[in-house]
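Now for the letters of each chain:
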Amino acid sequence: MIASSDIRLKIRQIYFLTLSFSMWLPLTDAHVSELDSEYIKSLPIEQFEIGKEFNSAQILCLEQDDFGFIWIGTDQGLFRFDGYRSIHYARRKGDSLSLQDDFVHTIFFDSKNRLLVGTNKGLHLYKSESDDFVRLPMLESEGQDFRAASIRRVEEAENGQLYVATFGGGVWILDNTLSASKLSEITRNPVEDMDTWRVLRVVRDQENRIWISTVSKGLFRFDPNSGILETVDTFGRLKEVLAGYEVRAIKQTHDGCIWFGTHGNGMVDSTLKCKRAM
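In what follows, the accompanying structure is described. Small disclaimer: the values here were computed from a predicted structure and weren't measured.

Let's shift gears to the sheet that holds strand 16 (residues 228-231). In space, the 4 strands of this open sheet follow the order 13-14-15-16, with antiparallel pairing throughout. Strand pairing shows two members of the sheet lacking a second neighbour, strand 13 (199-204) and strand 16, which therefore form its edges. Sheet twist, expressed as the mean angle between neighbouring strand axes with direction ignored, is 20°. Strand direction decides the pairing type here: strand 14 (residues 210-214) and strand 15 (residues 219-223), joined by 4 bridges, are antiparallel.

Next up, the structure:
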């Protein structure tokens with residue numbers, strides 16, 4: 001039996017090394033030559049042989065739970081790693097309590113410490129007491145069933161509501177009981193075709209506003225308090241900078257700037273007052 005403190009320490013080391021290694025990836029040979037080569041050689045980087053399925057998989061997302069375990073989303077299922085060995089969760093044909101698809105786009109722990117796993121076939125809730133999953137229903141009044149929707153991201157608002165980004169089904173909102181409704185039913189000013197949006201990101205900022213980036217439909221901002229959905233047309237010069245470019249990443253820094261990583265136009269901030277990186 002491995003002590004829980006040892007597991008947490010091992011996991012933290014692995015998590016730190018994973019993040020550290022990912023920071024080196026964008027560097028060119030010229031950058032690397034300027035770094036302290038002795039320091040690089042001293043990094044205790046180690047490849048972990050977790051299993052055949054894992055070693056051949058695409059790593060799509062990583063999260064750590066309160067027990068120190070790392071949850072790893074891949075194109076071949078979900079893995080839980082304790083620093084020494086892993087448990088593999090994958091689709092089992094005919095088993096409704098397994099993941100219903102192996103392509104895991106996102107892993108999210110909400111404020112109630114519930115683990116939500118987004119796949120190409122819906123959003124799954126992990127049940128720790130039985131070590132299995134329940135696929136959450138997202139049903140609308142017309143009878144359309146988005147349990148099979150591709151889930152790309154999950155974000156939590158200040159009031160505990162969960163915003164779920166789907167690729168082709170728009171944005172869904174889950175309340176504290178995980179009952180679902182569409183953003184188009186919540187907002188005071190729905191826009192055309194928003195229930196068919198292919199959503200790439202949903203991100204909450206420091207003012208509790210939800211930023212939504214989509215394929216071809218542009219960037220939106222939703223205020224849960226007022227119920228108002230703003231389009232990029234209202235964002236002044238930012239509209240001109242982002243015109244024709246998909247926003248693939250959104251991050252608010254400690255100074256309040258909201259940065260947008262685009263596909264083809266570098267990285268810009270929401271006010272255009274912060275430094276622009278190209």
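Here the focus is the pattern of salt bridges. The final tally for this structure, using the stated rule, is 9 salt bridges. We note a salt bridge from Asp 82 to Arg 85, for which the minimum N-O separation is 3.9 Å. Between Arg 221 and Glu 230 there is a salt bridge; the shortest N-O distance is 2.8 Å. You can call Arg 221 buried: its relative accessible area is 14%. Classification of Glu 230 as partly exposed rests on a relative accessible area of 25%.

By the definition in use, this model includes 8 aromatic pairs. Here Tyr 163 and Phe 222 contribute two aromatic rings whose centre-to-centre distance is 6.2 Å and whose plane-to-plane angle is 50°, an arrangement assigned as tilted. A residue pair is termed long-range when its members are at least 10 positions apart, and Tyr 163 in strand 10 (residues 162-166) and Phe 222 in strand 15 qualify at 59 residues. Considered together, Tyr 163 and Phe 222 belong to a single accessibility category, that of buried residues. Chaining the aromatic ring pairs together yields one cluster made of Trp 71, Tyr 89, Tyr 126 and Phe 133. The ring of Phe 69 carries Arg 80 above its face, with NZ or CZ at 4.8 Å from the centroid.

Here we come to the nonpolar core. Counting 15 residues, the largest nonpolar core has Tyr 163, Val 171, Leu 183, Trp 197 and Ile 212 as its most contacted members. Looking at this core, the elements with two or more residues in it are strand 10, strand 11 (171-174), strand 13, strand 14 and strand 15. Of all hydrophobic cores here, the second largest spans 14 residues; its members include Phe 108, Val 154, Trp 172 and Leu 174.

The subject of this paragraph is the pairing of strand 3 (residues 77-81). The buried fraction of strand 3 amounts to 5 of the 5 residues, a majority that puts the element mostly inside the structure. Taken together, the 5 bridges between strand 2 (residues 70-74) and strand 3 define a ladder with antiparallel strand orientation. By the bridge assignment for strand 3, Thr 74 is matched with Gly 77. Linking strand 2 to strand 3, which pair antiparallel, is a turn of 2 residues. When strand 3 meets strand 4 (residues 86-89), the two strands line up antiparallel, connected through 4 bridges. Across the sheet, the residue bridging to Phe 79 is His 88, located in strand 4.

Rules used throughout
- Residues numbered from 1 in each chain as written.
- Predicted model: local features only at pLDDT ≥ 70, side-chain atom pairs only at ≥ 80, totals over all residues.
- Heavy atoms only, no water.
- Pairing = 2+ DSSP bridges.
- Helix = DSSP H or I, 4+ residues; strand = E, 2+ residues; numbered from the N terminus.
- Axes fitted to C-alpha atoms, helices over the stretch in contact; angles between N-to-C directions.
- Salt bridge = Lys/Arg side-chain N within 4 Å of Asp/Glu carboxyl O.
- Buried < 20%, exposed > 50% of the residue type's maximum accessible area, 1.4 Å probe, protein only.
- Phe/Tyr/Trp six-rings, centres within 6.5 Å; stacked < 30°, edge-to-face > 60°.
- Lys NZ or Arg CZ within 6 Å of the ring centre and 35° of its normal.
- Core = buried A, V, L, I, M, F, W, Y, C linked by side-chain atoms within 4.5 Å.

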